[in-house]
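For reference, the chains in residue letters:
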Amino acid sequence: MLADNKTIAIVGGGPGGLTLARLLQLKGAKVKVYERDLNKDARVQGTTLDLHEGSGLKALREAGLLDEFKKNFRPGADRMIITDENAQIFFSDHEGKAEEDFGNEHFRPEIDRGPLRKMLLESLQDDTVVWDSQFVSLEKQGAGWQLHFKNNTSAYADIVIGADGANSKIRPYITDIKPFYSGISGLLGSVYDPGAKVPDIHHILKDGKIMAFGRERTFIVASKGDGSLAFYLSYKTGEDRLKEIDLSDKEQVLSWFKNDFPGWGNMWQELLEHAETPFIPIPIYCMPLDQSWEALPNLSMLGDAAHVMPPFAGEGVNMAMLDALELSESLCNENFSDTQTAIASYEEKMRQRAAQAAQESLENGEVMHSAGALRNMLAFFAGAHKQLPR
């Protein structure tokens, strides 16, 4: 196969990069993953991830990890409550929804980022991941690349794959196309011991998710397997608005919330009051839907590095894992004459697929931050039209 006798370096140890490493190792390829985190126990933040049948779950199935996933996913975490800005409940699917329905294209099981990462790491050969390796630069060396890291180490690889996220440092070696600002920004936070600190939200949450819509703003709360919760609030604003706030200063954050989220009930403010600091700003970007570049023979990318998009369709991690599957198949396909042809085939399909997902994500973002967001989102869920607010 094309990857025979070649060393493949994957820069970035997120779900996409680790999935690619697993799939390539199953085919006998020699792989190293270079990850900036100090070790495997580095804290993993963020909300839970929902995996989709035709992408994320498909990649896990091909990686021989679906049974392991079933041991680690959180049954019931996909259950949804929809409220307005005053936390009045208009929709709940907690009653009668199956906890497990693998194989159904509409089933989107949730898993915390930490357990997913642990599962993928444990599937790899010993010493696959080289920790404390923050990528700095590439330079051509023979038919391959010399990679340089912040800790003053370097490594050679015949093929390099960028899986280093939205702020990828690999991407500029492939294309100078940059993402555009979507017009929406948000803030990410976490609350530990929510039963004691935010009992009202905790009671509504019921180990699932809350999506609140009102006044052209969105507030999403998700339970996590360790008993904590993560929340994400977003709205249409200027690209630099959150840079004006010291996100380690809770008083400034609360003042910002009262000013920029007028009319939202005290229940949401309590989440901010009891959250850990600093909060994490999330200005939302998207790659141009028509982006294109000429494939290289020994360098490619996947996931957010290739096609960062808004999170409003839940496609980000799923696209990254499907990228990993399709790239591994291309690199190990004997029908391609060389690696450049293989990479070109992968990248063309990847860009088309990602553009469709990004378009959906952009459209959903507009709906979720519109004046009619609550009514529209209720209509989106089966049977919710009977509970439309008047």
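So, here's what we can say about the structure. Bear in mind the structure is a predicted one, so any value in this text is a computation, not a measurement.

### A few points about the overall build of the protein
- Each helix and strand in the protein was counted, giving twelve helices and 17 strands.
- A compact globule built from 390 residues should have a C-alpha radius of gyration of about 21 Å, and the protein, at 21 Å, falls within 12% of that.
- Dimensions of the protein, computed from the C-alpha atoms along their principal axes, are close to 65 × 45 × 40 Å.
- Excluding contacts between residues fewer than 6 apart, the proportion of contacts in the protein whose partners are at least 24 apart in sequence is 72%.
- Working note: accessible area of the protein is about 17,500 Å², and carbon and sulfur atoms make up 45% of it.
- Here the protein holds 41 positive side-chain charges and 57 negative ones, and the gap between their average locations is 1 Å.

### What about the side chain of Glu35?
- Take Glu35: it is sitting in the loop between strand S2 (30–34) and strand S3 (49–50).
- Judged by relative accessible area, which is 8%, Glu35 ranks as buried.
- Apart from residues lying up to four places away in sequence, Glu35 is in contact with Gly12, Gly13, Gly14, Arg117, Val129, Val130, Trp131, Asp132 and Ser133.

### A word on the nonpolar core
- Core analysis: the biggest nonpolar cluster contains 70 residues, and Ile8, Ile10, Phe69, Leu147 and Val160 have the highest contact counts within it.
- No other element matches the eight residues that helix H10 (residues 316–331) contributes to this core.
- Residues contacting Ile8, with those up to four places away along its chain left out, are Ala3, Leu24, Ala29, Lys30, Val31, Lys32, Ile159, Ile161 and Leu331.
- Residues Leu205, Trp256, Trp264 and Leu272 belong to the second largest nonpolar core, which totals 31 residues.

What counts and what doesn't
Each residue is numbered by its place in its chain's sequence as written, counting from 1. Where totals are concerned, whole chains, interfaces and linings use all residues; where local detail is concerned, this predicted model gives features only for residues with pLDDT of at least 70, and gives and counts side-chain atom pairs only at 80 or more. Hydrogens and water molecules were not included; the side-chain quantities draw on all heavy atoms of the structure. Runs of H or I in DSSP of at least four residues are treated as helices and runs of E of at least two as strands, each being numbered from the N terminus. A radius of gyration in this sense is built from C-alpha atoms; the matching globule rule multiplies 2.2 Å by the number of residues raised to 0.38. What makes two residues a contact is simply this: any of their non-hydrogen atoms within 4.5 Å. Methods summary: accessible areas were calculated by the Shrake-Rupley approach with a probe of 1.4 Å, and residue burial reflects only the protein chains presented. This count recognises Lys and Arg as positive and Asp and Glu as negative, with His and chain-terminal groups excluded. Working definition for charges: the position is that of NZ of Lys, CZ of Arg, CG of Asp or CD of Glu. Note on classification: 1.4 Å probe, protein chains only; a residue is buried when its accessible area is under 20% of the maximum for its type, exposed when over 50%, partly exposed between these limits. Side-chain atoms within 4.5 Å link the members of a nonpolar core, which is a set of buried Ala, Val, Leu, Ile, Met, Phe, Trp, Tyr and Cys residues.

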